[in-house]
Amino acid sequence: MDEDLILHNGGCHCRKEIWRVRAPASVIVWKCNCSDCSMRGNVHFTVPCKNFELLGNSEEFLTTYSFGTHTSKHIFCKVCGITSFYVPRGSPDGVAVTFRCVESGTLSHVEIKHYDGQNWESSRPQQRIPPCSVPV
């Protein structure tokens, strides 16, 4: 399975935060309607933490917002305000990558699926979003 993964580069708008992620060229992304994702327009795919790497001095430009269960960690750039990745509630051992923050040229196919985050507890078993390893 790891042989099907390629390197994607990405980051925030101002490029103070940059990263690379190992993921397939074809991904399923999730458009969530929870209060945070719907306001930000976030559409993401999730990878295990081991497949995500912050580069350079990116960490110093990041800040985190958390609410509700405080499982999700909504990480964003202090300079431009973009959330290019975050720690999702459904896979706290993974990283959710905002697919629009991936540099062009490496994603060959993106399938958008809808997730009912407003009703997270009841919709999670029905949606079948695979956790990175340990489901919540």
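An unreviewed UniProt entry annotates the protein as Centromere protein V of Melia azedarach.

A count of helical and extended segments in the protein gives 2 helices and 10 strands. The linear arrangement of helices and strands in the protein, starting from the amino end, is β-β-β-α-β-β-β-β-β-β-β-α. Within the protein, the proportion of its 136 residues that are buried is 39%. Of the roughly 7,600 Å² of accessible surface on the protein, a fraction of 53% belongs to carbon and sulfur atoms.

The next subject is the sheet that holds strand β1 (residues 6-11). Strand pairing in a sheet is mediated by backbone hydrogen bonds. Such pairs are either parallel or antiparallel. The sheet built from 3 strands is open, its strands ordered β1-β2-β5 with antiparallel pairing. The strands lining the two open edges of the sheet, one partner per strand, are β1 and β5 (52-55). For this sheet, the mean inter-axis angle between neighbouring strands, taken without regard to orientation, is 25°. Here strand β2 (residues 18-23) runs beside β5; their pairing, made up of 4 bridges, is antiparallel. For Val21, the partnering residue across the bridge sits in β5 and is Phe52.

We now examine unusual backbone geometry. Although it is not a glycine, Arg15 sits at a positive phi angle of roughly 70°. Along the chain, the position of Arg15 falls in the loop between β1 and β2. With a relative accessible area of 38%, Arg15 lands in the partly exposed category.

Below, the discussion takes up the side chain of Ser58. Inspection of the secondary structure assignment puts Ser58 in the loop between β5 and β6 (62-65). Apart from residues no more than four positions distant in its own chain, Ser58 is found in contact with Lys16, Glu17 and Ile18.

Within the open sheet, the 5 strands sit side by side as β8-β9-β4-β3-β10. Their pairing is mixed. What marks the edges here is a single partner per strand, and that holds for β8 (85-86) and β10 (109-115). In this sheet, strand β9 (residues 94-98) lies alongside β8 in antiparallel orientation, the contact comprising 2 bridges. Opposite Tyr86, over in β9, you have Ala96 as the bridge partner.

Turning next to the pattern of salt bridges. For the structure shown, the criterion picks out 3 salt bridges. Across the pair Asp36 and Arg40 runs a salt bridge, and its minimum N-O distance is 2.6 Å. Residue Asp36 and its partner Arg40 are located together in helix α1 (residues 35-40), separated by 4 residues, close to a single helical turn.

This part is about the nonpolar core. Counting residues in hydrophobic clusters, the biggest one holds 18 residues, and the most contacted among them are Trp19, Phe45, Val47, Phe52, Phe85 and Val97. For this core, the elements supplying multiple residues, two or more each, are β2, β3 (26-32), β4 (43-48) and β9. Counting residues in hydrophobic clusters, the runner-up holds 7 residues, among them Trp30, Tyr86, Ala96 and Tyr115.

A few words on the pairing of β1. Looking down a regular strand, the side chains alternate between one sheet face and the other. The pairing of β1 with β2 spans 6 bridges and is antiparallel. If you follow Leu7 over to β2, its bridge partner there is Arg22.

Cut-offs and rules
Residues numbered from 1 in each chain as written. Predicted model: local features only at pLDDT ≥ 70, side-chain atom pairs only at ≥ 80, totals over all residues. Heavy atoms only, no water. Helix = DSSP H or I, 4+ residues; strand = E, 2+ residues; numbered from the N terminus. Buried < 20%, exposed > 50% of the residue type's maximum accessible area, 1.4 Å probe, protein only. Areas by Shrake-Rupley, 256 points an atom, 1.4 Å probe, with all protein chains shown as cover. Pairing = 2+ DSSP bridges. Axes fitted to C-alpha atoms, helices over the stretch in contact; angles between N-to-C directions. Contact = heavy atoms within 4.5 Å. Salt bridge = Lys/Arg side-chain N within 4 Å of Asp/Glu carboxyl O. Core = buried A, V, L, I, M, F, W, Y, C linked by side-chain atoms within 4.5 Å.

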